[in-house]
Amino acid sequence: MSPTAQRISETSIVDLGCLNGAYATGFARLGYNVCGIEVRQSNFDACQYVKSKTDLPNLEFVKDDVRNISKYGSFDVSFCSGLLYHLDKPAEFLQTVADQTKSILVLQTHFAPNQTAPKKTKSKGVLGFSKRREVPEVLNYNLSPLTENEGFQGRWFNEPGSKDDDSHWASWGNSKSFWLTRPSLMQVLQNVGFDLVFEQFDNLTPTIAESMEAGFYAENYRSTFIAVKVP
């Protein structure tokens, strides 16, 4: 076994809210030791089906609320995609995750705008994409006015189906969730114990500037953050 393969085989990853187990299975195929946590029975059944069709002894799924991550020990890497913005106490959850994460948190999430929303106009800017003008807060997600929760700024979002097993992409146990603003999110990550916080932009290629000004990033307030604990 090469040194790289050995390091991978000795690295543990937890996939928080793993849905149908696709990411967890992908990590396991690469050689990592993976635990996927999923609370909805229908999603967990899908994970078990995937597990039954693979020969991956390094892949495990457990049915539980991700807020109970401490029951399953600590992990080198925590992977949290599409989950944080479904929680009503995101700062508390990130502290729980940080306590169980040895090295890296990969966090893919929505965040709340801390100003007014960008809107495209027909006029063109010097870079060739639409200019923005500031408009009253409407947004695609019907978020609340800017407010404070757990000591941080953000906006409330009304969840469509809490504890509804058919609502595969909804909250579990809370009827509304709190989206942290981008500055508050990065502050929370720093506060809970991550020394370095990075944001990924290469997934917006080839039009990074346009996306951030008037495209996907500007309209959806969603990004990937990498939080790192320095040894």
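Look up a bit, the structure's there.
Given the structure is predicted, the values throughout are model-derived calculations rather than measurements.

A.B. asks: Please explain the overall build of the protein as it appears in this structure.
C.D. replies: Assigned secondary structure in the protein consists of 7 helices and 12 strands. The proportion of buried residues among the 231 residues of the protein is 46%. For the protein, the share of sequence-separated contacts (at least 6 apart) that also reach a separation of at least 24 residues comes to 66%. Taken as a whole, the protein presents about 11900 Å² of accessible surface, with 51% of it coming from carbon and sulfur.

A.B. asks: How do you make sense of the sheet that holds strand β1 (residues 12-16) when you look at a structure like this?
C.D. replies: Hydrogen bonding along the main chain pairs the strands of a sheet, whether they run parallel or antiparallel. Strand order in the open sheet formed by 7 strands is β3-β2-β1-β4-β5-β12-β11, with mixed pairing between adjacent strands. The open sheet terminates on both sides in strands that have one partner only, identified here as β3 (59-63) and β11 (196-200). Along the sheet, successive strands turn relative to each other by an average axial angle of 15 degrees, direction set aside. Across 7 bridges, the pairing between strand β5 (residues 101-110) and strand β12 (residues 222-228) is antiparallel. When the sheet's bridge partners are listed, Thr109 is paired in β12 with Ser223.

A.B. asks: I'm lost on the state of the cysteines in this one. Help?
C.D. replies: The bond known as a disulfide is covalent and runs between the sulfur atoms of two cysteines. Inspection of every chain in the model, using the stated rule, returns 0 disulfides. Cys35 carries a free sulfur, and the closest cysteine sulfur to it, the one in Cys18, is 8.1 Å from it. In this structure Cys35 comes out as buried when scored by relative accessible area, which is 5%. Cysteine Cys47 shares no disulfide, and the gap to the nearest cysteine sulfur, in Cys18, comes to 3.7 Å. Exposure remark for Cys47: the relative accessible area of 0% places this residue in the buried category.

A.B. asks: What am I meant to see in the sheet that holds strand β10 (residues 176-180) here?
C.D. replies: The antiparallel open sheet is built from 3 strands, whose spatial order is β8-β9-β10. The strands lining the two open edges of the sheet, one partner per strand, are β8 (147-149) and β10. Looking at each pair of strands side by side, their axes are set apart by 60 degrees on average, direction ignored. In this structure, strand β9 (residues 152-158) lies alongside β10, joined through 5 bridges in antiparallel fashion. Following the sheet pairing, Gly154 is matched in β10 by Leu180.

Criteria and cut-off values
- Residues numbered from 1 in each chain as written.
- Predicted model: local features only at pLDDT ≥ 70, side-chain atom pairs only at ≥ 80, totals over all residues.
- Heavy atoms only, no water.
- Helix = DSSP H or I, 4+ residues; strand = E, 2+ residues; numbered from the N terminus.
- Buried < 20%, exposed > 50% of the residue type's maximum accessible area, 1.4 Å probe, protein only.
- Contact = heavy atoms within 4.5 Å.
- Areas by Shrake-Rupley, 256 points an atom, 1.4 Å probe, with all protein chains shown as cover.
- Pairing = 2+ DSSP bridges.
- Axes fitted to C-alpha atoms, helices over the stretch in contact; angles between N-to-C directions.
- Disulfide = S-S within 2.5 Å.

So, to be careful, I would describe these as geometric facts and stop short of saying anything about function.
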